[in-house]
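# Inside the fold
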Amino acid sequence: MLELAGIIILGILAQWVAWKFKIPAILPLILIGLLVGPIASEFLSEDGSKWIEPIWNGEKGLFPGDGLYYFVSLAISIILFEGGLTLKRNEIENVGPVITKLITLGSAITFFGAGIVAHHFFELGWELSFLFSGLIIVTGPTVITPILRNIPLKRDVSTVLKWEGILIDPIGALVAVLVFEFISVGGDGGFTKTALIEFAKILLFGTTFGFTFAHALAYAINKKLIPHYLLNVASLSTVLLVFVESEVFAHESGLLAVVVMGMVLGNGKLNNLKELLYFKESLSILLISILFILLAANINIDDLMLLYTWKSAALFAIVVFIIRPLAVFASTINSNLKFNEKLFISWVGPRGIVAAGIASLFGSKLLKAGVEGAEYITPLVFMIVLGTVLLNATTARLFAKMVGVFLKSSNGILIIGASKPSRLIAKFLTEKGKRVVLIDSNKKFIEQAQNEGLEAINENIYDDNLSDNIELNDVGYLIALTANDAVNNHVLASFSKDFGEHGAFKIASSIEAKNATIEERESFFTPNDDFINFSEAYRENPHINEVQIKTEESYYKILGLLAKDEKSIPLFIEKGKGLFLVAEFEQTAEPKEKCKLYYLGKKLVFQE
């Protein structure tokens, strides 16, 4: 009992340390696991025992027999399902082919390159060498996401790394399983046929079970066949059912099934999706915390000593600095990505929970079977996992600045509130070449915005998840346009630091509109206009008009006329290549002449 409670406490402590110092949680988790496992047995315990002893092949420990294997398998299925829920089709419009090549061509280059290097450096058999290379194909989302959260990047670069990290997990597991099957059958002449049959079964049952159960669960949720208080646990049990049933029909197809299930649910019209995501995210954090400590503690000091050689450093360097860049550059030929963006993607390739979990499983099974060289599998994979995480966590931000992919100026615009007037403004800004993201807790508004071709996210701004969204790293303007004054004030108070680099603005409240002046910096439009005026102006004339301004005198004259007309609201000033809010333009040193003014409402005739 003490050991199990200790794992949970230490795991959450490691998560807090990761949050505090903005590093991937896997780093402190593995270090804690090594400390309470092999390091404690060698240096800290008088009787040579570990402080936490998983022992999945013995009679004692937290998970005797195959218990740890079953726990790891089920936990990984939940983690990958949660990752699948976050994958949205509209994110890959520009980089879909790149992601496809990375998880196919890039995986093949990593598989054969790393296998050849491991064979020659450690004199492992070809089978074990390719088992190792199959395991390190994966770049886990649990380690990439924390790194990307702290680096403002172009959206396409973040999207490539995020999607690769989630989609490549089941592919790496599949390749490792096929190699493991080859070793298990002794590599006889019937392997090719066996491998092809296994591959087909994994694809068939994985996609079929994932797709079918996703639609069944969505139907049950949308038709309210599941009571609200059972929604999360019923969804969790369905994920486990899909994983187990798929595994029964085709061994190791469960990972593919849960990723497919998550993607289908995440991209469908599912009520309560956000609630489901929050629950799965919390559960994933707990499982990851437990898993990494257990897997690291399960390593023995003798396994670590196998790595105490120059060959380990050489293998790591070749995998990270030669094979990874080769895979990325080959996969991005003829893509829209620039050279420096390809270089950064090459640098960021941390391995995660799937590699560590399956390596521990297969390594133990092969050791038990007496396969020569099997003792190298788990420590070599853990070396790649820990090394890549440490390297990327400490250097990714600096490297992004060195190669020029770090966004010095975040010009994206985040609009809170996706009502019809807000969508009109978002369309206008999008047509002006701006990246605009709409946020609203009203799912209907979000669906309407997406149907109009706008980028929109269904999110409750009172939750903390908004700041963690890596897709919003390039946002520098924050605009609150909801009908609720409390929400607008909360947005500016809570998110100005994250998204208001160039300015945070809100629509005036009815009280503020009575006493405000045009120079107030936080006001969107002029501060005389509240949400009621905004909505009425849109209802009467849902159009954005423009007027040319030649002199400073005409600038103030036109603004004055618009202020008197309750059905017309000034929006933006365009001067040269700059587009400013009216309140923002007032604060600049730009001469108030030779510019364009855009306003919402009826078309007026102005006399110079």
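A brief look at the structure comes next. What you see is a predicted model, and the numbers here were worked out from it, not measured in a lab.

Attention shifts here to the nonpolar core. Counting residues in each nonpolar core, the largest one holds 128 residues, and the members touching the most others are Leu 131, Phe 132, Leu 265, Phe 344 and Leu 380. When residues no more than four places from it in sequence are discounted, the contact partners of Leu 380 are Phe 122, Leu 124, Phe 132, Leu 307 and Leu 315. Formed by 29 residues, the second largest nonpolar core is a distinct cluster that contains Ile 415, Phe 534, Leu 571 and Leu 579.

Judged by pairing direction, the sheet is antiparallel, and its 4 strands sit side by side in the order E6-E9-E7-E8 without closing on themselves. Since the sheet does not close on itself, it has two edges, and those belong to strand E6 (544-549) and strand E8 (578-581), each with one partner. Across the sheet, the mean angle from the axis of one strand to that of its neighbour is 30°, orientation sign disregarded. Sheet analysis places E6 next to strand E9 (residues 595-601), joined by 6 bridges and oriented antiparallel. Opposite Ile 549, over in E9, you have Cys 595 as the bridge partner. In this fold helix H17 (residues 420-431) packs onto E6, strand E7 (568-575), E8 and E9, with an angle of close to 15° to the strand it touches most, E7.

As a further point, take the side chain of Glu 455. As for its position among the elements, Glu 455 is in strand E3 (residues 455-458). Among the polar contacts listed, one links the side chain of Glu 455 to the side chain of Arg 435, at a separation of 2.5 Å. When residues no more than four places from it in sequence are discounted, the contact partners of Glu 455 are Arg 155, Arg 435, Val 436, Val 437 and Leu 438.

Summarising the element assignment, Ser 246 is placed in helix H9 (residues 231-249). At 2.6 Å, the side chain of Ser 246 and the side chain of Ser 253 are in polar contact.

The subject of this paragraph is a nonpolar patch on the surface. Among the surface-exposed residues, Leu 4, Ile 8, Ile 12, Ile 285 and Leu 286 lie close enough to one another that they form a single nonpolar patch of about 360 Å² accessible area. If you list the elements that add at least two residues to the nonpolar patch, you get helix H1 (2-21) and helix H11 (273-297). Among the elements that make up the nonpolar patch, the one with the highest residue count is H1 (3 residues). Assignment of secondary structure puts Ile 12 in helix H1.

Now for the pairing of strand E5 (residues 503-506). Both faces of E5 are covered, namely the face carrying Gly 503 and Phe 505 and the face carrying Ala 504 and Lys 506. Summarising the sheet, strand E4 (residues 475-480) and E5 pair through 4 bridges and their orientation is parallel. Counted as the bridge partner of Tyr 477 is Gly 503 from E5. Crossover handedness for the path E4 to helix H19 (residues 485-499) to E5: right-handed.

Between side chains of opposite charge, a pair can form as their charged atoms come close. Per the counting criterion, the structure on display carries 9 salt bridges. A salt bridge links Arg 423 to Glu 452; the shortest N-O distance between them is 3.2 Å. Pair noted here: Arg 423 is in helix H17 and Glu 452 is in the loop between helix H18 (443-451) and E3, with a separation of 29 residues, a long-range link. Between Lys 575 and Glu 590 there is a salt bridge, with the nearest N and O atoms lying 3.9 Å from each other. Placement of Lys 575 in strand E7 and of Glu 590 in the loop between helix H23 (582-587) and E9 is noted, with a sequence separation of 15 residues between them. Classification of Lys 575 as buried rests on a relative accessible area of 16%. Look at Glu 590 and you get partly exposed, because its relative accessible area is 33%.

Quick look at the packing of H9 against helix H10 (residues 254-267) now. It is at 8 Å that the axes of H9 and H10 come closest, and there the two elements cross at 140°. In terms of orientation, H9 lies oblique with respect to H10. H9 and H10 meet at a crossing whose hand is right-handed. Here H9 contributes Thr 238, Val 239, Val 242, Phe 243, Ser 246 and Glu 247 to the contact with H10, which in turn contributes Gly 254, Leu 255, Ala 257, Val 258 and Met 261. Of the residues assigned to the contact of H9 with H10, the class counts are 7 nonpolar, 3 polar and 1 charged.

Analysis parameters
- Residues numbered from 1 in each chain as written.
- Predicted model: local features only at pLDDT ≥ 70, side-chain atom pairs only at ≥ 80, totals over all residues.
- Heavy atoms only, no water.
- Core = buried A, V, L, I, M, F, W, Y, C linked by side-chain atoms within 4.5 Å.
- Buried < 20%, exposed > 50% of the residue type's maximum accessible area, 1.4 Å probe, protein only.
- Contact = heavy atoms within 4.5 Å.
- Pairing = 2+ DSSP bridges.
- Helix = DSSP H or I, 4+ residues; strand = E, 2+ residues; numbered from the N terminus.
- Axes fitted to C-alpha atoms, helices over the stretch in contact; angles between N-to-C directions.
- Polar contact = N/O pair within 3.5 Å; in protein donor to acceptor, adjacent residues only side chain to side chain.
- Patch = residues over 30% accessible without salt bridge, like charges linked within 9 Å, V, L, I, M, F, W, Y side chains within 5 Å.
- Areas by Shrake-Rupley, 256 points an atom, 1.4 Å probe, with all protein chains shown as cover.
- Salt bridge = Lys/Arg side-chain N within 4 Å of Asp/Glu carboxyl O.
- Right-handed = clockwise from strand over helix to strand, strands pointing away.
- Parallel < 35°, antiparallel > 145°, perpendicular 65-115°, else oblique.
- Left-handed = near helix turned anticlockwise from the far one by under 90°.
- Nonpolar A, V, L, I, M, F, W, Y, C, P; charged D, E, K, R; others polar.

Any functional reading would require information that these geometric values do not contain.
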